Amino acid sequence: MNTMIVQVYLPANGKTYDVRIPEEMYVCDAAALLGELFSDAANGLYCKGDVNILCFRDQGESLPQDKTLKELGICNRTQLMFV
């Protein structure tokens, strides 16, 4: 399984995290995984919700849930935002 390291910005606490994730992971699964990770890492500033949105950080464009990260051209050092 090939993995990549992406930079994920969490507006709830204003921090950016380097996260290693599989490139073949679907966006919906990546968002669920990040929700778990950030609910622990944000020290109460982020509470996991039912709907998590993963976006390109620069454009603010949300990623389609039914595509893999690789299909969307996401690669090492891609900057994402999690809301």
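Bear in mind that the values here come from a model prediction, so they are computed numbers and not experimental data. (Residues numbered from 1 in each chain as written. Predicted model: local features only at pLDDT ≥ 70, side-chain atom pairs only at ≥ 80, totals over all residues. Heavy atoms only, no water.)

A. How the structure looks around the pairing of strand β4 (residues 79-82). Examined bridge by bridge, strand β1 (residues 3-10) and β4 share three bridges and lie parallel to one another. Within β4, the position partnered with Gln7 by the bridge is Gln79. Where strand β3 (residues 54-56) lies against β4, three bridges are found, and the strand directions are antiparallel. Its bridge partner lying in β4, Cys55 is registered against Met81. (Pairing = 2+ DSSP bridges. Helix = DSSP H or I, 4+ residues; strand = E, 2+ residues; numbered from the N terminus.)

B. Molecular detail of the environment of Pro22. Relative to the assigned elements, Pro22 resides in strand β2 (residues 15-22). As for Pro22 and Ile5, which are separated by 17 residues in sequence, their C-alpha atoms are 8.8 Å apart.

C. Local environment of the packing of aromatic side chains. Per the stated rule, a full pass over the model turns up two aromatic pairs. Seen in terms of ring centroids, Phe38 and Phe82 are 5.5 Å apart; in terms of plane orientation they differ by 55 degrees. Their pairing is tilted. Residue Phe38 is found in helix α1 (residues 27-41), and its partner Phe82 is found in strand β4; the two are separated by 44 residues along the sequence. Exposure class is identical for Phe38 and Phe82. Each is buried. Taken together, Tyr17, Phe38 and Phe82 form an aromatic cluster joined through their ring pairs. (Phe/Tyr/Trp six-rings, centres within 6.5 Å; stacked < 30°, edge-to-face > 60°. Buried < 20%, exposed > 50% of the residue type's maximum accessible area, 1.4 Å probe, protein only.)

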